[in-house]
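Fold and geometry: a report
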Amino acid sequence: MKIVQIKNDVVFADSLQIAEHFEIQHKSVLARIENLRKDDKKISQLTALSFYMDSQNRKQRKYYLSKDAFIFVAQKFKGKKAHEWQWKYIEAFNKMESLIQERNSSEWQLTRENGKMLRRHETDVISDFVLYAMRNGSSNPKMYYKHFSSLVNKTAGIKDGERESLTPQLLVIVGTIEQKITELITEMMLKELYYKDIYIEIKEKLKMLQAFLPHPEEKYLPSPRHQNILPKSSEEVSA
């Protein structure tokens with residue numbers, strides 16, 4: 001589990017995890033947060049109260065903290081290990097904030113639009129392939145829409161239904177794979193290969209292509225922008 005999370009384009013840390021990582025009792029972390037909230041109205045705006053069920057099924061408090069709130073809370077924790085965790089959290093906050101900015105950048109929007117154009121072209125070619133397979137005896141040729149989509153995702157190492165959350169780098173990789181599939185389908189249909197052999201050969205070629213594709217450290221970006229607030233108070237079971 002990541003040490004920071006994202007909701008509504010806001011990066012936050014969970015007080016339970018903070019207590020665990022800094023090896024401090026959660027009640028001490030709660031006391032630190034609640035004292036700060038009492039003394040500073042700004043801290044109240046940068047934290048959100050939530051609840052979880054503990055191992056004995058009792059309802060307990062916890063807090064979500066923004067980066068600034070985390071810094072105020074964590075600066076009291078002393079020692080070498082605490083110092084290391086302070087930097088880990090700050091680096092994680094900065095990294096996720098950068099991802100949010102990237103997700104909302106014009107570069108991402110342009111890359112996504114280009115990807116949609118490639119996707120439409122690939123779909124058109126797959127439609128031709130469906131008719132080709134039907135003429136060659138396929139009883140369920142429409143299944144190839146799903147099969148080729150799954151091939152793209154598997155080759156890129158992504159999940160189904162997650163294209164809107166991909167980084168620009170991975171969108172380019174997905175576009176490269178889709179373009180390759182389009183070229184191979186067109187080329188093999190012109191050679192009048194058997195439709196099942198076309199699919200099998202494309203599958204094998206994508207396995208080889210996968211070895212040469214870059215592997216971005218970050219594959220997914222945060223969900224699209226909503227309102228800029230910390231998570232609302234809610235009851236949830238601790239994982």
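Each value, and the rule that gives it
Residues numbered from 1 in each chain as written. Predicted model: local features only at pLDDT ≥ 70, side-chain atom pairs only at ≥ 80, totals over all residues. Heavy atoms only, no water. Pairing = 2+ DSSP bridges. Helix = DSSP H or I, 4+ residues; strand = E, 2+ residues; numbered from the N terminus. Core = buried A, V, L, I, M, F, W, Y, C linked by side-chain atoms within 4.5 Å. Buried < 20%, exposed > 50% of the residue type's maximum accessible area, 1.4 Å probe, protein only. Contact = heavy atoms within 4.5 Å. Phe/Tyr/Trp six-rings, centres within 6.5 Å; stacked < 30°, edge-to-face > 60°.

1. Here we look at the pairing of strand 4 (residues 59-65)
- The pairing of strand 2 (residues 10-14) with strand 4 spans 2 bridges and is antiparallel. The partner of Asp14 across the bridge, within strand 4, is Tyr64.
- Bridge analysis of strand 3 (residues 47-53) against strand 4 gives 7 bridges, and the strand direction is antiparallel. Bridge pairing in strand 4 links Ala48 to Tyr64.
- Here strand 3 hands over to strand 4 after 5 residues, with Asn57 in that stretch at a positive phi of 60°.

2. Digging into the nonpolar core
- Ranked by size, the top nonpolar core spans 29 residues in total, and within it Phe129, Phe148, Ile177, Ile181, Ile185 and Ile202 carry the most contacts.
- When residues of this core are traced back to their parent elements, those giving at least two are helix 6 (106-135), helix 7 (143-156), helix 8 (168-190) and helix 9 (195-210).
- Among the elements that take part in this core, helix 8 stands out by supplying 10 residues, more than any other.
- Setting aside anything within four residues of it in sequence, one finds Phe129 in contact with Tyr144, Phe148, Ile185, Met189, Tyr195 and Ile198.
- Counting 27 residues, the second-largest nonpolar core is a separate cluster that includes Val29, Tyr63, Trp85 and Tyr89.

3. Overview of the packing of aromatic side chains
- On inspection of all chains with the given rule, the structure shows 15 aromatic pairs.
- Aromatic side chains Phe12 and Tyr64 sit 4.7 Å apart centroid to centroid with 65° between the ring planes, which places their arrangement in the edge-to-face category. Residue Phe12 is located in strand 2, and its partner Tyr64 is located in strand 4; the two are separated by 52 residues in the primary sequence. Summarising the burial analysis for this pair, Phe12 and Tyr64 share the class buried.
- Ring plane angle 20° and centroid distance 6.3 Å describe the contact between Phe129 and Tyr132, whose orientation is recorded as stacked. One end of the pair is Phe129 and the other is Tyr132, both in helix 6 and 3 residues apart, which spans about a single turn. Each member of the pair, Phe129 together with Tyr132, is buried.
- A network of ring pairs unites the aromatic residues Phe129, Tyr132, Tyr144, Phe148, Tyr194, Tyr195 and Tyr199 as a single cluster.

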